[in-house]
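# Per-entry structural report
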Amino acid sequence: MKNWMAALLLLCLSPLALAAEPVWIDVRTAEEYRQEHLPDAVNIPHTRIARGVTELYPDKQTPLNLYCRSGNRSQMAREALQALGYRNVVDHGALETLKAAGMETRSAAEQGEPAP
């Protein structure tokens, strides 16, 4: 019984168990986000990426997944976050590419919000 409890304790304290959950960040404007976005994505426009991410996700090991309309803004956001010391940042490029890969999206109308 002691071995089982020790193994469970080690598993719970392992670095993988302490890893933060991956976060999806839509770096487009609020209007673009309202029109369509990934269901669990947080909207932080690329012009506010440094401040927004450091306030919401101060742990620089947090896995951050970025996307935008074409890939340009998400690339700029990735570079800005890496300059701040974030190391688990992935630029997924365009929302259309993610949709083509099978990811679902939500719109303001689907969430009962007024259309922009």
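Values in this document were obtained by computation on a predicted structure and should not be read as measured data.

## Some remarks on the packing of aromatic side chains
Scanning the entire structure with this criterion turns up one aromatic pair. Their ring planes at 55° and their centres at 6.3 Å tell us that Trp-24 and Tyr-67 sit as a pair that is tilted. With Trp-24 in strand E1 (residues 23-26) and Tyr-67 in strand E3 (residues 64-68), this residue pair connects regions lying 43 residues apart in the sequence. The class of Trp-24 is buried, set by a relative accessible area of 19%.

## Brief notes about the confidence of the model for the protein chain
A residue-level look at the protein chain finds 77% of positions with pLDDT of 70 or above and a mean pLDDT of 86. Overall, residues 1-18 carries pLDDT values under 50, and its contacts beyond four positions in sequence, including any with other chains, amount to four contacts.

## Considering the pattern of salt bridges
Tallied over the entire structure, the rule returns six salt bridges. A salt bridge links Arg-28 to Asp-26; the nearest nitrogen and oxygen atoms lie 2.6 Å apart. Here Arg-51 makes a salt bridge to Glu-55, at a shortest N to O gap of 3.0 Å. With a gap of four residues between them, Arg-51 and Glu-55 both fall in helix H4 (residues 49-56), about one helical turn apart. The structure contains a network of salt bridges with shared partners spanning Glu-36, Glu-96 and Lys-99.

Rules used throughout
- Residues numbered from 1 in each chain as written.
- Predicted model: local features only at pLDDT ≥ 70, side-chain atom pairs only at ≥ 80, totals over all residues.
- Heavy atoms only, no water.
- Phe/Tyr/Trp six-rings, centres within 6.5 Å; stacked < 30°, edge-to-face > 60°.
- Helix = DSSP H or I, 4+ residues; strand = E, 2+ residues; numbered from the N terminus.
- Buried < 20%, exposed > 50% of the residue type's maximum accessible area, 1.4 Å probe, protein only.
- pLDDT = per-residue confidence, 0-100.
- Contact = heavy atoms within 4.5 Å.
- Salt bridge = Lys/Arg side-chain N within 4 Å of Asp/Glu carboxyl O.

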